[in-house]
Amino acid sequence: SFTEWQESDLGLHPVQVALQVALPEIDGAIEPVIYAGRDGQSGRAIPMQDRINALATRALNWARLRKKQNAEKKVCICLFQFPPDKGNVGTAAYLDVFGSIFSVLKKL
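Residues numbered from 1 in each chain as written. Predicted model: local features only at pLDDT ≥ 70, side-chain atom pairs only at ≥ 80, totals over all residues. Heavy atoms only, no water.

A. Layout of the overall build of the chain. Scanning the chain for helices and strands turns up four helices and two strands. Start at the N end of the chain and walk to the C end: the helices and strands fall as α-α-β-β-α-α. For the chain, whose C-alpha radius of gyration is 19 Å, the value lies well above the compact-globule estimate of 13 Å for 108 residues. Principal-axis analysis of the C-alpha atoms places the extent of the chain at approximately 55 × 40 × 20 Å. Considering the chain as a whole, with its 108 residues, one finds that 7% of them fall into the buried category. Here the contacts in the chain between residues at least 6 apart in sequence split such that 28% fall between residues at least 24 apart. For the chain, the exposed area adds up to about 9300 Å²; of that, 58% sits on carbon and sulfur atoms. Positive and negative charge centroids in the chain, built from 13 and 11 side chains respectively, lie 14 Å apart. (Helix = DSSP H or I, 4+ residues; strand = E, 2+ residues; numbered from the N terminus. Rg over C-alpha atoms; globule rule 2.2 N^0.38 Å. Buried < 20%, exposed > 50% of the residue type's maximum accessible area, 1.4 Å probe, protein only. Contact = heavy atoms within 4.5 Å. Areas by Shrake-Rupley, 256 points an atom, 1.4 Å probe, with all protein chains shown as cover. Lys, Arg positive; Asp, Glu negative; His and termini not counted. Charge placed at Lys NZ, Arg CZ, Asp CG, Glu CD.)

B. Summary view of a nonpolar patch on the surface. Taken together, the side chains of Val75, Ile77, Leu79, Val89, Phe98, Val104, Leu105 and Leu108 present a nonpolar region at the surface, about 670 Å² in accessible area. You can see leucine 79 is positioned in the loop between helix 3 (49-67) and helix 4 (97-107). Residue leucine 79 is classed as partly exposed on the basis of its relative accessible area, which comes to 36%. (Patch = residues over 30% accessible without salt bridge, like charges linked within 9 Å, V, L, I, M, F, W, Y side chains within 5 Å. Salt bridge = Lys/Arg side-chain N within 4 Å of Asp/Glu carboxyl O.)

C. Inspection of the layout of surface pockets at higher detail. Looking at the largest pocket, its volume works out to about 410 Å³. When residues of the lining of the largest pocket are traced back to their parent elements, those giving at least two are helix 1 (2-7), helix 2 (14-26) and strand 1 (36-38). By residue class, the composition of the lining of the largest pocket is 10 nonpolar, seven polar and two charged. (1 Å grid on protein atoms, 1.4 Å probe; cavity = no way out; pocket = protein on both sides within 12 Å on 5 of 7 lines; lining within 4 Å. Points joined across faces, edges and corners; volume = space filled by probe spheres on them. Nonpolar A, V, L, I, M, F, W, Y, C, P; charged D, E, K, R; others polar.)

Here's what the structure looks like:
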């Protein structure tokens, strides 16, 4: 329930992390935000105003970014590297990481 989550030091339960964070990211969702919780008795959604405000701000920022000229945008590229070793920089199963980065940067 919302109250249990709010009072917990754990945060999200591992099952919730898998279902509400990891799986959506695998499907291509980015920057997940939990913006409501469930009431333990009624099951009713309880909105979290600070999260709703943050989500609305994020949506407006994405819309502004879309209208900016590419020359005005900043780009950050994060490469996966696990296990940590020089030979593992930018590795990803069945993906051409560096080719994809090059293609994206060319389009900018």
